[in-house]
Amino acid sequence: PREADGLFGHGMLIQVASETTVRRGLVSGNHTGGVVVVDSTATVEELVVRDTQEADGRFGDGIVVVADEGTAEAILSGLLVENNARAGVYFDDAGVSLAGSVVRGNVFSVHLEGDADLEIADDNVIVDNEDNEVSRGGLEPSPVAEPLPF
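Trainee: Explain the overall build of the chain to me, using residue names and the numbers behind them.
Mentor: The helix and strand inventory of the chain stands at zero helices and 14 strands. Moving toward the C terminus, one meets the helices and strands of the chain in the order β-β-β-β-β-β-β-β-β-β-β-β-β-β. The buried share of the chain, reckoned over its 150 residues, is 47%. The long-range share in the chain, meaning contacts at least 24 apart out of those at least 6 apart in sequence, stands at 48%. For the chain, the accessible surface area stands at approximately 6,900 Å², while carbon and sulfur atoms represent 44% of it.

Trainee: How would you explain the pattern of salt bridges if you had to name every residue and give the values?
Mentor: Summed over all chains, the structure comprises five salt bridges. Glu 46 is the partner of Arg 24 in a salt bridge, and the nearest nitrogen-oxygen pair spans 2.9 Å. Taken together, the residues Arg 24 in strand β2 (residues 19-28) and Glu 46 in strand β4 (residues 41-50) connect sequence positions 22 residues apart. Among the residues examined, Glu 46 registers a relative accessible area of 42% and is labelled partly exposed. Salt-bridge contacts for Arg 104 lead to Glu 82; the nearest nitrogen and oxygen are separated by 2.8 Å.

Trainee: Any chance you could break down the sheet that holds strand β5 (residues 61-66) for me, citing the residues and the numbers?
Mentor: The strand order across the open sheet built from six strands is β1-β3-β5-β8-β11-β14, with neighbouring strands paired in parallel fashion. Strands at the two margins of the open sheet, each flanked by one partner only, are β1 (12-14) and β14 (131-136). Averaged over all pairs of adjacent strands, the angle between strand axes in this sheet comes to 5°, irrespective of strand direction. When β5 meets strand β8 (residues 87-92), the two strands line up parallel, connected through four bridges. Paired with Val 65 across the bridge in β8 is Phe 91.

Trainee: Give me the lowdown on unusual backbone geometry, citing residues and values where you can.
Mentor: Phi at Val 16 is positive, roughly 65°, even though this residue is not glycine. Residue classification places Val 16 among the exposed residues on the basis of a relative accessible area of 67%. Here the phi dihedral of Arg 24 falls at roughly 55°; this positive angle occurs in a residue that is not glycine.

Trainee: Describe the side chain of Asp 92, with residues and values.
Mentor: By the secondary structure assignment, Asp 92 is in strand β8. Excluding its chain neighbours within four sequence positions, the residues that come into contact with Asp 92 are Val 65, Val 66, Ala 67, Glu 113, Gly 114, Ala 116 and Pro 141.

Trainee: Can you tell me about the environment of Thr 71, naming the residues and giving the values?
Mentor: Mapped onto the elements, Thr 71 comes out in the loop between β5 and β6 (73-77). Judged by its relative accessible area of 61%, Thr 71 is exposed. As a C-alpha pair, Thr 71 and Ser 40 span 31 residues in sequence and 6.5 Å in three-dimensional space. If near-sequence neighbours (up to four positions away) are discounted, Thr 71 is found in contact with Asp 39 and Ser 40.

Trainee: Talk me through the environment of Ile 120; I want residue IDs and the actual numbers.
Mentor: Within the secondary structure, Ile 120 sits in strand β12 (residues 117-120). Overall, Ile 120 belongs to the partly exposed group, its relative accessible area being 35%. For the pair Ile 120 and Val 110, spaced 10 residues apart in sequence, the C-alpha to C-alpha distance is 10.0 Å.

Scoring rules and cut-offs
- Residues numbered from 1 in each chain as written.
- Predicted model: local features only at pLDDT ≥ 70, side-chain atom pairs only at ≥ 80, totals over all residues.
- Heavy atoms only, no water.
- Helix = DSSP H or I, 4+ residues; strand = E, 2+ residues; numbered from the N terminus.
- Buried < 20%, exposed > 50% of the residue type's maximum accessible area, 1.4 Å probe, protein only.
- Contact = heavy atoms within 4.5 Å.
- Areas by Shrake-Rupley, 256 points an atom, 1.4 Å probe, with all protein chains shown as cover.
- Salt bridge = Lys/Arg side-chain N within 4 Å of Asp/Glu carboxyl O.
- Pairing = 2+ DSSP bridges.
- Axes fitted to C-alpha atoms, helices over the stretch in contact; angles between N-to-C directions.

Spelled out as structure tokens, the structure:
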């Protein structure tokens, strides 16, 4: 993470109009966002995303999909998203499908901002979050769309 405020420190960042497929892995103990998709298309399968930490007392989302200056889409399946500091999955102005996944132990299970469009299958298990319902609006936007310090 950035030393001044603890922001960034993502586990995986997919950006700049890319198309990416991620299969099988572990993303754990990151700051701000575990798997972050900005203005790109991603297929994420059989991945564990857990223990994403807050940064400067904010954020801490497991999966983040954000359309900032373009479009963002994600197909998420077979995931375990658990014990993240804020949202298990956070979508902002993005098109996302979520299937065959477990989302547990987060503050918010699934959160939508802006014009996010979510297709959620019946085979997901969403339990033991402080809020197990899909929520919309009211959270501080994730800083993932800001220019990153390379």
